[in-house]
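# Architecture and fold: a report
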Amino acid sequence: MTAVFSNEEKVQILADIVKIKSVNDNEIQVANYLKDLFAQHGIESEIDSISPHRANLIAKIDNGHPVMGISGHMDVVSEGDIDKWDYPPFELTEENGKLYGRGAADMKSGLAALAIAFIEIHEQHLLKEGSIQFMATTGEEMEQLGSKQLYEKGYMDDVDALLIAEPTENNLIYANKGSMDYRVISTGKAAHSSMPIAGQNAIKPLINFVQNIDNAYEEIIQTQSMNQIDCSKFENRLASVLGDNTDMSKVRNMLSGLVITNTIFNGGAQVNSVPDKATAEFNIRTVPEYNNEKVKQLFQHYLDKENEQGAHLEADIYLDLEPALTTGKNNLVELGHQLGETMFHKSLGVTPMPGVTDASNLLRGKDESFPFLTFGPGATAHQVNEYVNKDTYLQFVDYFTQLIPTYINENKR
Ligand SMILES: [Zn+2]
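Computed from a predicted model, the values in this text were never measured in an experiment. (Residues numbered from 1 in each chain as written. Predicted model: local features only at pLDDT ≥ 70, side-chain atom pairs only at ≥ 80, totals over all residues. Heavy atoms only, no water.)

Before going further, it helps to examine the domain arrangement of the protein chain. Taken domain by domain, the protein chain holds domain 1 (7-176 + 323-410) and domain 2 (178-321). For domain 1 versus domain 2, the distance between C-alpha centres works out to 33 Å. Tallying the contact residues gives 21 residues for domain 1 and 16 residues for domain 2. Each partner contributes to the roughly 1,300 Å² buried at the junction of domain 1 and domain 2, and carbon and sulfur atoms together form 70% of this total. Summed over the three residues of domain 1 that lose the most area to domain 2, namely Pro323, Leu325 and Pro354, the buried surface amounts to 39% of that side. One can count 0 salt bridges joining domain 1 with domain 2. Inspection of the region where domain 1 meets domain 2 yields 0 residue pairs in polar contact (both at pLDDT 80 or more). Elements with a minimum of two residues in the side of domain 1 that touches domain 2: strand 8 (171-176), strand 15 (324-325), strand 16 (349-353) and helix 10 (359-362). When residues of the side of domain 1 that touches domain 2 are assigned to their parent elements, the largest contribution, 5 residues, is made by strand 16. Tallied by class, the residues present in the side of domain 1 that touches domain 2 amount to 11 nonpolar, 8 polar and 2 charged. (Domains from an automatic or database assignment. Contact = heavy atoms within 4.5 Å. Buried area = accessible area lost by both parts, 1.4 Å probe. Salt bridge = Lys/Arg side-chain N within 4 Å of Asp/Glu carboxyl O. Polar contact = N/O pair within 3.5 Å; in protein donor to acceptor, adjacent residues only side chain to side chain. Helix = DSSP H or I, 4+ residues; strand = E, 2+ residues; numbered from the N terminus. Nonpolar A, V, L, I, M, F, W, Y, C, P; charged D, E, K, R; others polar.)

So, in structure tokens, the structure goes:
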């Protein structure tokens, strides 16, 4: 059977969802759009609600095992300063073979390509046996609340392999680091700054805490080897921002190891008052050798240390995603790599990546041999003038239309 969608229609679908302003909210409109699109082709789907404007969408072509999960997120990051854009961010604009718009790369093109491939596979009867579970998620860019709910409701229980179409068009990704957001709140007692003894300065113990974490972190990265999530492939991407005298062993430690960054520090309200409140926030990128649990222990140790000396420090961990670790040695990555190099006519890397994705939730409880692949159109993300090459987007539709049924048909149990 011939393809259902023309190239114009494929681009139109991408344009339709780029137009929906799903900036960390409002994903329900993307979900409803995809639901209607699937319904037009006889595929039922289910809205999995999180809050009034936020929901996941799940659709299934259901014919036993193996079950391949295919997933993309529906939210995008903010367009930022609109004056810096040469194109309207929420109107897909084609110029010189590029399609510009917020989410053109990250990751409405990947999401649209998966949705179209899903319909093509269904309409062309490309699947003999086995199932495909399409999962469009909410809130990936901030707290991954959509994939968290999918995992908690058991949507991944039956899934035997997972494909996520994040914008990684030059590399097939089989593992990524975890991420934590950790806030420390220090409470003191206000007093006039002419008589500080009557109060308790909230800033002081927090400075100690931040310095202790900093020193501990330096020691950890110098003394412990971490390379299970080896991201040295991304060294080149850093080359343009690093000076010639950069210590490359430090860069490697950062790419493949634990990263702890103190990103926010606030305290005090008035120059002549002893501050009664201060907060520090950290973003932490975790790896299997130094995982989320170990980070919690480390932070708690230094919290206790300050509190034993009379401070009042409290922790609030508001993001807690484990690293997504698989070995990448499986049929999905192998087939994806072979087929990719053939169809895209270029050599492709196979690597872990430092960034975090929905995989941290969706792979919870799966072991290292689980067939998992992140690969999709686009290479720029979170920038002004975000774009995807039109040809690449269209090629990925064809690629997914082949890869998914081929993998399932070859891996029947
Ligand atoms: Zn993304």
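Positionally, Gly257 belongs in the loop between helix 7 (248-256) and strand 11 (259-267). Considering only alpha carbons, one finds Gly257 and Thr93, 164 residues apart in sequence, at a separation of 39 Å. Leaving out residues up to four positions away in the same chain, Gly257 has contacts with Lys177, Met226, Arg252, Arg285 and Val287.

Working note: a packed helix pair is described by the angle between its axes plus the distance between those axes. The contact between helix 3 (residues 108-123) and helix 11 (residues 390-410) brings their axes to 8 Å, and the two run at 50°. If you check the angle between helix 3 and helix 11, you find them oblique. As for the relative orientation of helix 3 and helix 11, their crossing is right-handed in sense. Contact residues: Ser109, Gly110, Ala112, Ala113, Leu114, Ile116, Ala117, Glu120 and Ile121 in helix 3; Tyr393, Phe396, Val397, Phe400, Thr401, Ile404 and Pro405 in helix 11. Along the lines of polarity and charge, the residues of the contact of helix 3 with helix 11 split into 12 nonpolar, 3 polar and 1 charged. (Axes fitted to C-alpha atoms, helices over the stretch in contact; angles between N-to-C directions. Parallel < 35°, antiparallel > 145°, perpendicular 65-115°, else oblique. Left-handed = near helix turned anticlockwise from the far one by under 90°.)

Looking at the metal site, the zinc ion is ligated by His73 (NE2), Asp106 (OD) and Glu166 (OE), spaced 1.9 to 2.2 Å from it. Read N to C, the donor residues that coordinate the zinc ion are spaced as H-x32-D-x59-E. Note that His73 is positioned in strand 3 (residues 67-73) and Asp106 in the loop between strand 5 (98-100) and helix 3, a separation of 33 residues in sequence. You'll find His73 and Asp106 in the same group, each marked buried. (Donors = N, O, S within 2.8 Å, 3.2 Å for Na, K, Ca; no water. Buried < 20%, exposed > 50% of the residue type's maximum accessible area, 1.4 Å probe, protein only.)

With respect to the helices, strands and loops of the structure, Asn56 is situated in strand 2 (residues 54-61). The contact partners of Asn56, leaving out residues within four places of it in the chain, are Glu46, Ile47, Asp48, Ile50, Met74, Ala136, Thr137, Thr138, Gly146, Gln149 and Leu150.

The subject of this paragraph is the sheet that holds strand 13 (residues 277-286). Pairing within the open sheet is antiparallel, and its 4 strands lie in the order 11-13-9-14. The sheet is open, and its two edges are formed by strand 11 and strand 14 (313-321), each paired on a single side. Within this sheet the neighbouring strands show an average axis-to-axis angle of 15°, counted without direction. Pairing of strand 11 with strand 13 involves 8 bridges; the strand directions are antiparallel. In the sheet register, Ile260 faces strand 13, and the bridge partner there is Ile284. Relative to strand 11, helix 5 (residues 203-223) is tilted by about 170°, and along the sheet it contacts strand 9 (178-187), strand 11, strand 13 and strand 14. (Pairing = 2+ DSSP bridges.)

A full pass over the atoms with the stated rule returns 10 salt bridges. Across the salt bridge formed by Arg183 and Asp316, the nearest N and O atoms sit 2.6 Å from each other. Here Asp316 lies in strand 14 and Arg183 lies in strand 9, a separation of 133 residues in the sequence. Taking the relative accessible area as the measure of exposure, Asp316 reaches 27% and is therefore partly exposed. Its salt-bridge partner being Arg252, residue Glu235 comes within 2.8 Å of it at the nearest N-O pair. Linking Glu235 in helix 6 (residues 235-239) with Arg252 in helix 7, this pair joins segments that are 17 residues apart in sequence. Bridged by salt links that share partners, the residues Arg183, Glu281 and Asp316 form one connected network.

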